[in-house]
Amino acid sequence: MTDFMKEYKSAAESFRLQGKVTDIQPYGEGHINLTLLVCTTEKRYIMQKMNTHVFPDPDNLMRNICAVTEYLRASGAETLNVVPTLEGKPFLKGKECYRVYDFIENTVTYQKVTDKKVFFNSGKAFGEFQNCLAGFDASVLTETIPHFHDTPKRFADFRAALEADAFGRAKECRPEIDFFLSHADTYGKVAEGLKDGSVPLRVTHNDTKLNNILMDAETNEARAVIDLDTVMPGSMLYDFGDSIRFGASTAAEDEQDLDKVHFDISLFKAYAEGYCGAVKPKVTPREKQLFSYGAYLMTAECGMRFLADYLSGDTYFATKYPGHNLVRCRTQVRLASEMERSFPEMDAVVSEILG
Ligand code: ADP
Ligand code: GN1
Ligand code: MG
């Protein structure tokens with residue numbers, strides 16, 4: 001057994017698991033936490049080594065997750081179930097921090113949309129998630145990552161990484177850098193709406209990509225919204241936009257062949273029918289105007305975050321090979337520019353749904 005496996009086994013055995021641990025394997029495609037599938041003689045669990053570099057306050061993070069999951073469960077939704085440690089704590093706190101959830105069985109996650117119906121179902125589920133959290137008291141939530149979708153701030157961070165160019169990589173990504181610089185005046189509309197109140201501050205998920213929702217393995221209906229680390233006050237335009245960024249593409253987020261990467265308006269329509277259909281009664285006029293823009297904004301923002309991380313030496317997102325973050329950035333630039341050209345069609349889709 002490797003030292004890592006010994007560490008994971010000892011961590012897993014510090015939780016109130018049913019049965020004896022028989023196997024531990026890396027699991028899933030998340031970019032932030034280290035996710036492990038833990039099998040015991042009785043059942044399966046998800047154990048995560050929590051990323052305390054990205055989320056430096058694990059106590060308040062887990063307090064948020066316990067509060068949100070309890071609320072969702074009480075509202076009748078299927079949700080993550082936090083398994084306590086032997087001492088009854090919501091996570092194991094040491095040099096590394098670990099948490100355990102019940103594995104939600106008979107579900108699948110998708111890394112790419114293969115079926116419009118699945119994307120529609122995910123949109124409906126994220127919309128219903130939003131509706132459900134409308135009754136949740138935001139004042140009990142800690143902001144786990146302040147300014148998470150404050151795009152003007154993300155742009156300033158990107159510019160700082162570019163200025164530092166700590167690894168001499170800027171010369172390899174001139175077109176991408178130029179894209180973000182030349183769009184400097186396009187990043188402020190949601191931040192301004194939040195400031196003047198035309199875009200309401202709501203409790204949002206903030207990381208609504210398709211692999212953060214578990215779909216039923218047989219019916220492909222949404223079962224549970226997961227990855228609740230970033231549930232905090234935000235705009236519904238973030239949740240809508242981030243799903244479109246990831247799912248309304250003809251290729252994976254890290255496709256290397258850009259000829260395969262396109263924004264697909266029919267996928268946009270499928271998601272919008274699900275999401276906007278669910279939130280329709282409470283959408284403000286300004287939100288309605290900004291759904292299409294929100295998709296562009298989240299795509300550009302994520303692209304500049306990938307690029308900033310590449311320029312800074314790949315310390316934030318998990319990467320599988322050198323240049324992975326630059327590859328991801330390039331797909332986002334491709335999608336954001338195609339979205340910009342598609343605003344009239346996108347707006348027509350939204351208007352048709354919202355009236
Ligand atoms: P990250 O923050 O790194 O993205 P996630 O919490 O999204 O980590 O988990 C990574 C992946 O693990 C998910 O995309 C999903 O496939 C799987 N997963 C996480 N929690 C569960 C669970 N309770 N049951 C089944 N699969 C899960
Ligand atoms: C990260 O945790 P994960 O892999 O679901 C990131 C998101 C990005 C996404 C890009 C806390 O999401 O903001 O949009 O990668 N999460 C955090 O794929 O930064
Ligand atoms: Mg995730």
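Note that the coordinates shown come from a computational prediction; the quantities given were computed from them, not determined experimentally.

Chemist: I'd like a rundown of helix α5 (residues 174-182), residues and numbers included.
Modeler: The set of residues buried in α5 consists of Glu176, Ile177, Phe179 and Phe180. What you see down the axis of α5 is that its buried residues fit within an arc of 155°, all on one side. For α5, the exposed residues lying more than 90 degrees away from the buried face are Pro175 and Ser182. In this fold, the buried residues of α5 make contact with α4 (151-164), α9 (285-311) and α10 (324-354).

Chemist: Provide a residue-level description of the coordination of the magnesium ion (ligand 3), including the pertinent values.
Modeler: For the magnesium ion (ligand 3), the protein coordination sphere consists of Asn212 (OD1) and Asp227 (OD), at 2.2 Å. Here Asn212 is found in the loop between β8 (202-204) and β9 (213-216), whereas its partner Asp227 is found in the loop between β10 (222-225) and β11 (232-234), with 15 residues between them in sequence.

Chemist: Give me the lowdown on the site of ligand 1, citing residues and values where you can.
Modeler: Around ligand 1 sit 18 residues, and of these Asn33, Gln48, Ile104, Asn211 and Asp227 come closest. Residue Gln48 places a side-chain N or O atom 2.9 Å away from an oxygen atom belonging to ligand 1. Protein chains bury 97% of the 550 Å² of accessible surface belonging to ligand 1 in isolation. Residues of the shell around ligand 1, tallied by class, amount to 8 nonpolar, 8 polar and 2 charged.

Chemist: Describe in detail the site of ligand 2, supporting the description with residues and values.
Modeler: Neighbouring ligand 2 are 18 residues, the closest being His31, Lys209, Glu253, Arg305 and Tyr316. A distance of 2.9 Å separates an oxygen atom of ligand 2 from a polar side-chain atom of Asn212. Side-chain polar atom of Asp227 to an oxygen atom of ligand 2: 3.0 Å apart, as the coordinates give it. Isolated, ligand 2 exposes 440 Å² of accessible area, and the fraction of that covered by the protein chains is 98%. If you list the elements that add at least two residues to the shell around ligand 2, you get α7 (236-247) and α9. No other element matches α9, which puts 3 residues into the shell around ligand 2.

The rules behind each value
Residues numbered from 1 in each chain as written. Chains lettered and ligands numbered in written order. Predicted model: local features only at pLDDT ≥ 70, side-chain atom pairs only at ≥ 80, totals over all residues. Heavy atoms only, no water. Buried < 20%, exposed > 50% of the residue type's maximum accessible area, 1.4 Å probe, protein only. Helix = DSSP H or I, 4+ residues; strand = E, 2+ residues; numbered from the N terminus. Arc of directions from axis to C-beta. Contact = heavy atoms within 4.5 Å. Donors = N, O, S within 2.8 Å, 3.2 Å for Na, K, Ca; no water. Near = heavy atom within 4 Å. Polar contact = N/O pair within 3.5 Å; in protein donor to acceptor, adjacent residues only side chain to side chain. Areas by Shrake-Rupley, 256 points an atom, 1.4 Å probe, with all protein chains shown as cover. Nonpolar A, V, L, I, M, F, W, Y, C, P; charged D, E, K, R; others polar.

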